[in-house]
Amino acid sequence: MSCSIRNLLIGFFTCLGVTACGGGGGSSNPSPSPTPTSQPTASSSISSSTQASQNSISSASVSFASPSSSNATSSASSSQSDAIGLDSRPSNTSCLAPAAVNDTSGVISWTPAFKSLPAVSKVVGLFQVPGDDTHWYVLRQQGFIWRFDNTESANTFTEVLKINDRVDDSDSEMGLLGVAPHPDFVNNRYVFLYYTSRNASNEIQSHVARYTVKSDGMFDRDSELIILSITRPYTNHVGGQLAFDQQGYLNIASGDGGSGGDPHQNGQNLNVLLGKILRIDINRTANGNNYSIPADNPFVNTVNTKPEIWAYGLRNPWRFSFDKLTSDLWVGDVGQNSWEEVNIVNSGGNYGWGDMEGDGCYKGRSNCSTAGKIKPILPINQNTGACSVIGGFVYRGATYPAAYGKYFYTDYCEHTMRSITRASNAALTLAEHGVTSNSIVSFAQDNHGELFTIGYGSAGQQINKMQATASTAKAGVMANKLSDTGCVNNAKPTEAASGLIPYVVNNPLWSDGAEKQRFLSLPDNTQATVASNGDFNFPVGSVLVKHFKFGEKFVETRLFAHGELGWQGFSYEWNDAQTDATLLSDAKDKTIGNILWHFPSPGQCMECHTTAAGFSLGLETKQLNGDFIYPGQKTANQLTALAHIGIFSAPLSTAQKTEKLYGLNDTQATLQQKARSYLHSNCSNCHQPDGPTPVNLDLRYSTPLAQTKICNIAPVSGDLGLVTPKILALGDPTKSVLLKRMQALDGTQMPPIARSVVDTQAVQVVSDWIASLTTCD
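Predicted, not measured: the structure shown is a model, and the values here were computed from it.

Thresholds applied
Residues numbered from 1 in each chain as written. Predicted model: local features only at pLDDT ≥ 70, side-chain atom pairs only at ≥ 80, totals over all residues. Heavy atoms only, no water. Helix = DSSP H or I, 4+ residues; strand = E, 2+ residues; numbered from the N terminus. Contact = heavy atoms within 4.5 Å. Areas by Shrake-Rupley, 256 points an atom, 1.4 Å probe, with all protein chains shown as cover. Salt bridge = Lys/Arg side-chain N within 4 Å of Asp/Glu carboxyl O. Buried < 20%, exposed > 50% of the residue type's maximum accessible area, 1.4 Å probe, protein only. Pairing = 2+ DSSP bridges. Axes fitted to C-alpha atoms, helices over the stretch in contact; angles between N-to-C directions. Core = buried A, V, L, I, M, F, W, Y, C linked by side-chain atoms within 4.5 Å. Disulfide = S-S within 2.5 Å. Phe/Tyr/Trp six-rings, centres within 6.5 Å; stacked < 30°, edge-to-face > 60°. Expected span 1.5 Å × (residues − 1). pLDDT = per-residue confidence, 0-100. Parallel < 35°, antiparallel > 145°, perpendicular 65-115°, else oblique. Left-handed = near helix turned anticlockwise from the far one by under 90°. Nonpolar A, V, L, I, M, F, W, Y, C, P; charged D, E, K, R; others polar. Polar contact = N/O pair within 3.5 Å; in protein donor to acceptor, adjacent residues only side chain to side chain.

(A) Fine view of the overall build of the protein. Regarding its fold elements, the protein presents eleven helices and 40 strands. In the protein, 62% of the contacts between residues at least 6 apart in sequence involve partners at least 24 apart. For the protein, the exposed surface amounts to about 27500 Å²; the carbon and sulfur share of it is 49%.

(B) Up close: unusual backbone geometry. Cis peptide bonds are those with omega within 30 degrees of zero, and the linkage from tryptophan 353 to glycine 354 qualifies with 0 degrees. Residue position: glycine 354 is located in the loop between β17 (339-345) and β18 (356-357). Unusually for a residue other than glycine, asparagine 202 sits at a positive phi of about 65 degrees. Relative to the helices and strands, asparagine 202 resides in the loop between β8 (190-198) and β9 (204-213). With a phi angle near 60 degrees, serine 259 is a residue other than glycine that sits in the positive phi range.

(C) Highlighting the pattern of salt bridges. Enumeration according to the criterion identifies 22 salt bridges in this entry. Of the charged contacts, one joins lysine 588 and glutamate 573 as a salt bridge, the two residues approaching to 2.8 Å between their closest N and O atoms. Of this pair, lysine 588 sits in strand β37 (residues 588-592) while glutamate 573 sits in strand β35 (residues 566-574), placing them 15 residues apart in sequence. Lysine 588 sits in the partly exposed class, given a relative accessible area of 34%. Of the residues examined, glutamate 573 reaches a relative accessible area of 13% and is grouped as buried.

(D) Looking closely at the sheet that holds strand β3 (residues 123-127). Reading across the sheet, the four strands line up as β3-β4-β5-β6 and stay open at both edges, with antiparallel pairing between neighbours. Every interior strand has two partners, whereas the edge strands, β3 and β6 (158-162), have only one. If you compare each strand with its neighbour and ignore which way they point, the axes differ by 25 degrees on average. In the sheet, strand β4 (residues 135-140) pairs with strand β5 (residues 144-149) via six bridges, with the strands oriented antiparallel. Its bridge partner being in β5, leucine 139 is matched across the sheet by isoleucine 145.

(E) Just the nonpolar core, in detail. Ranked by size, the top nonpolar core spans 93 residues in total, and within it Ile145, Leu193, Phe219 and Leu250 carry the most contacts. In contact with phenylalanine 219, other than residues within four places in its own chain, are Phe127, Tyr137, Ile145, Val160, Leu161, Val191, Tyr211, Thr212 and Val213.

(F) Expanded view of the state of the cysteines. Evaluated as defined, the whole model comprises four disulfides. Bridging cysteine 95 to cysteine 487, the disulfide has an S-S length of 2.0 Å. Sign of the S-S torsion, about 85 degrees for the bond between cysteine 95 and cysteine 487, identifies this disulfide as right-handed. Pair noted here: cysteine 95 is in the loop between α3 (80-84) and β1 (101-103) and cysteine 487 is in the loop between β28 (472-474) and β29 (501-503), with a separation of 392 residues, a long-range link. The class for cysteine 95 is buried, based on a relative accessible area of 0%. The side chain of cysteine 361 participates in a disulfide bridge whose partner is cysteine 368; the two sulfur atoms lie 2.3 Å from each other. Between cysteine 361 and cysteine 368 the sulfur-sulfur dihedral comes to about -85 degrees; the bridge is accordingly left-handed.

(G) Representation of the packing of aromatic side chains in the model. Tallying each qualifying case throughout the model produces 23 aromatic pairs. Relative to phenylalanine 157, the ring of phenylalanine 148 has its centre 5.7 Å away and its plane inclined at 80 degrees; by these criteria the two rings are edge-to-face. We classify phenylalanine 157 as partly exposed; its relative accessible area is 21%. Members of the aromatic cluster, joined through ring pairs, are Phe114, Trp146, Phe148 and Phe157.

(H) Here's a closer look at helix α11 (residues 760-772). With 13 residues, α11 should reach 18 Å at 1.5 Å per residue; the first-to-last C-alpha distance of 18 Å fits that figure. Every buried residue of α11 is accounted for by Ala762, Val763, Val765, Val766, Ser767, Trp769 and Ile770. Of the surrounding elements, those touching the buried residues of α11 are α9 (671-682) and α10 (737-743).

(I) Structural context of the pairing of strand β25 (residues 439-445). Counted residue by residue, β25 has seven buried out of seven residues, so it is predominantly covered. When β25 meets strand β26 (residues 451-456), the two strands line up antiparallel, connected through six bridges. Paired with phenylalanine 443 across the bridge in β26 is threonine 453. Between the antiparallel neighbours β25 and β26 lie five residues, among them glycine 449 with a positive phi of about 85 degrees.

(J) Here's a closer look at the confidence of the model for the protein. Summarising the model, the protein shows a mean pLDDT of 87, and 87% of its residues fall at 70 or more. Across residues 1-82, confidence stays below pLDDT 50; counting only partners more than four residues off in sequence or on other chains, it has 352 contacts.

(K) Expanded view of the packing of α9 against α11. Packing of α9 against α11 brings their axes to within 9 Å, and their N-to-C directions diverge by 125 degrees. In terms of their interaxial angle, α9 and α11 are classed as oblique. With respect to the hand of their crossing, α9 and α11 are arranged in left-handed fashion. Contacts from Leu671, Gln672, Lys674, Ala675, Arg676, Tyr678 and Leu679 of α9 reach α11 at Ala762, Val765, Val766, Asp768, Trp769 and Ser772. A class-by-class count of the residues in the contact of α9 with α11 yields eight nonpolar, two polar and three charged.

(L) Just the sheet that holds strand β21 (residues 389-394), in detail. The strand order across the open sheet built from four strands is β21-β22-β23-β24, with neighbouring strands paired in antiparallel fashion. The sheet is open, and its two borders are formed by β21 and β24 (428-435), each paired with just one other strand. If you compare each strand with its neighbour and ignore which way they point, the axes differ by 25 degrees on average. Examined bridge by bridge, strand β23 (residues 416-422) and β24 share six bridges and lie antiparallel to one another. The partner of arginine 422 across the bridge, within β24, is leucine 428.

(M) How the structure looks around α9. Taking 1.5 Å of rise per residue, twelve residues should cover 16 Å, and α9 covers 16 Å from first to last C-alpha, within 8% of that figure. Among the twelve residues of α9, ten are classified as buried, and the element is accordingly described as predominantly covered. Each element contacted by the buried residues of α9 is listed here: α6 (621-624), α10 and α11.

(N) Inspection of the pairing of strand β39 (residues 627-630) at higher detail. Alternating positions in β39 separate into two faces, Asp627 and Ile629 on one and Phe628 and Tyr630 on the other, with burial throughout. Sheet topology places β39 next to strand β40 (residues 634-637); four bridges connect them, and they run antiparallel. The residue of β40 that forms the bridge with tyrosine 630 is lysine 634. Hairpin connection between β39 and β40: a loop of three residues separates the two successive antiparallel strands, and glycine 632 in this loop has a positive phi of roughly 80 degrees.

(O) Focus on the environment of leucine 242. With respect to the helices and strands, the residue leucine 242 is situated in strand β11 (residues 242-244). Between the C-alpha atoms of leucine 242 and leucine 278, which are 36 residues apart in sequence, the distance is 9.6 Å. Beyond its immediate chain neighbours, meaning those up to four positions away, leucine 242 contacts Gly178, Val179, Ala180, Phe192, Leu193, Tyr194, Val208, Leu250, Asn251, Ile252 and Phe320.

(P) Here's a closer look at the environment of tryptophan 597. Position of tryptophan 597 relative to the elements: it lies in strand β38 (residues 595-599). What makes tryptophan 597 buried here is its relative accessible area of 3%. Expressed as a C-alpha distance, the spacing of tryptophan 597 and alanine 514, which sit 83 residues apart in the sequence, is 9.8 Å. Not counting the four nearest positions on each side in its chain, tryptophan 597 is found in contact with Ser511, Asp512, Ala514, Phe548, Phe550, Val555, Glu556, Arg558, Lys588, Asp589, Lys590 and Ile592. A polar contact of 2.8 Å, which involves the side chain of tryptophan 597, links it to the side chain of glutamate 556.

Shown next as structure tokens:
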């Protein structure tokens, strides 16, 4: 399974990094540096390891040539011109992000609904209670429910429930995950929650619990009544959705219990509650339970079968819903390594997992049989960039007739809003409705059937509402041929357009050993702002360019463009003649020599190019604080050169001009500096506060080791076969899961996608660093 919400859905995503789609390699948002000692100034020279990836640039045009072998270190005798590097800013009128277009074909759009709300971390759900249209409630994974006013100007939250002392969210997929108000809430004030905890034996349990809501909207934490508890073998694949059907019975998504490939074969075992949709009657009690079994449940009278089961053969049904008109149960089931699924689930149905994934046999299960198993109505190939399907709702509201009857869903990684219209003969019509700026984790339906989403994102952008208008703005696209994008010389695409500015990073993201060449372009008369943490924030219209080569052969060019509606990634595949490259619409794998090269889809680009990571990965002062050989063989510090030509809107601070990262070959750097720099550029784009995964790791370079939450901490997402492992075991690389994941080339590897070769140099450096550690301080 892929990264990002895979660890919210297969595991709420425990990525340690993802190959960036454009703009360099590294993360951002570092906090004040704990590392050392003496930091070089902005005028100091870069390390030999950084020099190894420098570009040699001709003065006539910027060409994508091989790295220079000359020494990039500034000398004391350098002239003032050499120290500046660039005499003036080049004019850029051609390499620009595509303008938004007016789309009249797809009238359905999803736009921010509450633009004044502050950002909230670890959100998993959004709901209203029956009879109250004046408020919304936000479900937070740590064990909180917050409320806000249902007005466009809402700007504050009120905490209405705090049960973080009962909820265990120590793993990325655990926590407070689901909610369902009772259909008769107006009279009984009951709300049902789904959360994970640990019992006295430290076993993981999922609980369905009932709470009473007071007349003032506050939840009574002392009113808890445990309805159902399920003991789980692993921390992931927890499911978590709750919903009442039209008969008033509570339906529960339990998930298969975890690990990978359903090793306990829970999905096909009717004598366990895992890997199922469960259905219970919470209005009556029986057999010592705080619920009873509906008489029409399909396995009520079946021997050695749990009567709570409504349907089975499901892997991790993260989100499902009932069609208010037809009562159809639509389920988004998160897949393993190849397929996501949308299912319509019926009583007693077997939906295949773990014998099947998608509409065929699961490759990890021998002796698979598809007999008697129901195929999904829509299998979704992960090669399209999908990684974790987010099931939504069939729209039955009255405000937007154009959307009526459509089932809306999306994918955490791909960000494209999609719909399925199902005809009476079961024929499907599929449609797309634009790309959202945030990573959606759940859909919501208000009391009148209008649809919303909630996800990870910046302030004012986390909650979107569906609208249907006569037309809507739609992000534009770059040219189909790289030669026509304006970012390269049209006659000779191996040369950059004259308005591009080359740069390198101190510690690049590993990309299977490919050589990279990087350029940035801003529209004329615009400037980039630099955040206090060193992140570059580029104006609308900017484009970041990155080329991947093996030897003299160009393999791929990625453009990352900041349009009016946000950032977009574009991947171009070079032809064998090396005369041009063609834009790809989906992800693609291609064998280059002995390497399986992965071309990312537009959605996969956004897995790591997120708000928390600063979007433009690698474009931060720590990464660019080093020397570069500019046209005319002028050597200068990159920050000095960019400041000289007016790229920055304000002068850099002293800290921004002195802090830096270090390359793996840097003979002047300590093991800690090199290892921490590598983890920053390869891992912290996912693993940092408010990153795309709620895993409690912080691998930014500037975070003290004791605060990274890896040092001598037991892993919660698998031990990878190690005995008494830690994420990072002090002094013992052989017991460090972090290192093991760097060495893996399977579903346990980190970064989880776009890597088919182990970075042996990085493994050695990180291993030596771990071996040298005696304290977490």
